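# Analysis of the macromolecular model
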Amino acid sequence: MTGDYEPSATGWVRKHVEQIMRTGTTDGVTIRGLATVLMTYRGAKSGKIRKTPVMRVEHDGAYAAVASQGGAPKNPQWYASLVAEPVVELQDGRTNREYRAREVSGDEKAIWWERAVAAYPPYADYQRKTERQIPVFVLEPISG
């Protein structure tokens, strides 16, 4: 993904991304001791490249990106970016690949939500503390 990179205004996000960029791997970069992956996408408003660590929720080569924002009343800013431009890069360990994000619903969302909560139990608490339904995207590898 090419373009101008704009670091996050959120301190802990910026720190995690800097560590991944410095070491070349997501290994050892955790939230509450649980594994993360790095999602790179284009900002919907700015058009700039953005990088956000998300919890590592993987199944059969696909990943979930959970727009929890810690149970805040609004979606994280990256939600609108994935809706506007669903092609993202995802780094897991030292491996980078392109993925296409699609928001899931119904039974498929229920399955991925269960996987997400298994990988990061606080998601269940986040859902209880907000009135919005927390969106889940499935990131599927782009062939080629």
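Anything mentioned here points back to the structure above.
This is a predicted model, so every value here is computed, not measured.

Mapped onto the elements, Gln91 comes out in strand E6 (residues 87-92). Given the relative accessible area of 9%, Gln91 is considered buried. Of the polar contacts made by the side chain of Gln91, one reaches the backbone oxygen of Gly93; its length is 2.9 Å.

One non-glycine residue, Asp60, adopts positive backbone phi at about 50 degrees. Mapped onto the secondary structure, Asp60 falls in the loop between strand E4 (58-59) and strand E5 (62-66). A relative accessible area of 72% places Asp60 in the exposed class. The phi angle at Gln69 is positive, at roughly 50 degrees, despite the residue not being glycine. Turning to its location among the elements, Gln69 is positioned in the loop between E5 and helix H2 (77-84). A residue is classified by how much of its surface remains accessible, and Gln69, at 44% relative accessible area, is partly exposed.

Procedures and definitions
Residues numbered from 1 in each chain as written. Predicted model: local features only at pLDDT ≥ 70, side-chain atom pairs only at ≥ 80, totals over all residues. Heavy atoms only, no water. Helix = DSSP H or I, 4+ residues; strand = E, 2+ residues; numbered from the N terminus. Buried < 20%, exposed > 50% of the residue type's maximum accessible area, 1.4 Å probe, protein only. Polar contact = N/O pair within 3.5 Å; in protein donor to acceptor, adjacent residues only side chain to side chain.

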